[in-house]
Amino acid sequence: MNACPSLAPDLADFFLHSPIGQLRRLVVIENETEVLITGQVSSYYHKQLAQEHLRRSLGQRIIVNHVEVCPGDIG
């Protein structure tokens, strides 16, 4: 993760220590204007869950959600 500005520690911990293994594999890249999420999950629920947890620390930044949903392909 880039630290300009950085995610709140509790939100970074959400991805690193999530009980949902698919969320631990997502990549979050941030800068002054946006927060980008990439990776793959098996459901739209997981994609939305990741996005909504990030929304808490955005400030004026926007979320760019490039998480791909691949049903049945992710363990």
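Above this note sits the structure.
Now for a quick tour of the structure. Model, not experiment: these values are computed from the prediction. (Residues numbered from 1 in each chain as written. Predicted model: local features only at pLDDT ≥ 70, side-chain atom pairs only at ≥ 80, totals over all residues. Heavy atoms only, no water.)

Comments concerning the side chain of Arg61
Here's step 1: Secondary-structure assignment places Arg61 in the loop between α3 (44–55) and β3 (62–69).
Here's step 2: A relative accessible area of 8% places Arg61 in the buried class.
Here's step 3: At 2.8 Å, the side chain of Arg61 and the side chain of Glu30 are in polar contact. (Helix = DSSP H or I, 4+ residues; strand = E, 2+ residues; numbered from the N terminus. Buried < 20%, exposed > 50% of the residue type's maximum accessible area, 1.4 Å probe, protein only. Polar contact = N/O pair within 3.5 Å; in protein donor to acceptor, adjacent residues only side chain to side chain.)

Some points on the pattern of salt bridges
Here's step 1: This model, assessed by the stated rule, comprises two salt bridges.
Here's step 2: Between Glu30 and Arg61 there is a salt bridge, with its nearest N and O atoms 2.8 Å apart. Of this pair, Glu30 sits in strand β1 (residues 27–30) while Arg61 sits in the loop between α3 and β3, placing them 31 residues apart in sequence.
Here's step 3: Overall, the relative accessible area of 2% leaves Glu30 in the buried class.
Here's step 4: Its salt-bridge partner being Arg55, residue Glu52 comes within 3.1 Å of it at the nearest N-O pair. Taken together, the residues span about one helical turn, with Glu52 and Arg55 both in helix α3 at a distance of three residues.
Here's step 5: Among the residues examined, Glu52 registers a relative accessible area of 32% and is labelled partly exposed.
Here's step 6: Given a relative accessible area of 41%, Arg55 falls into the partly exposed group. (Salt bridge = Lys/Arg side-chain N within 4 Å of Asp/Glu carboxyl O.)

Re the nonpolar core
Here's step 1: Of all hydrophobic cores here, the largest spans 15 residues; its most connected members are Phe15, Leu23, Leu26, Ile37 and Leu54.
Here's step 2: Sorting the residues of this core by element identifies α1 (9–16), β2 (34–41), α3 and β3 as the ones contributing at least two each.
Here's step 3: Those residues in contact with Leu23 that sit more than four places away from it in its chain are Phe14, Phe15, Ser18, His46, Leu49 and Ala50. (Core = buried A, V, L, I, M, F, W, Y, C linked by side-chain atoms within 4.5 Å. Contact = heavy atoms within 4.5 Å.)

Looking at the pairing of β2
Here's step 1: By the bridge criterion, four bridges tie β1 to β2 in an arrangement that is antiparallel. Bridge pairing in β2 places Ile29 opposite Leu36.
Here's step 2: Between the antiparallel neighbours β1 and β2 lie three residues.
Here's step 3: Following the backbone out of β2, through α3 and into the adjacent parallel β3, one traces a crossover that is right-handed. (Pairing = 2+ DSSP bridges. Right-handed = clockwise from strand over helix to strand, strands pointing away.)

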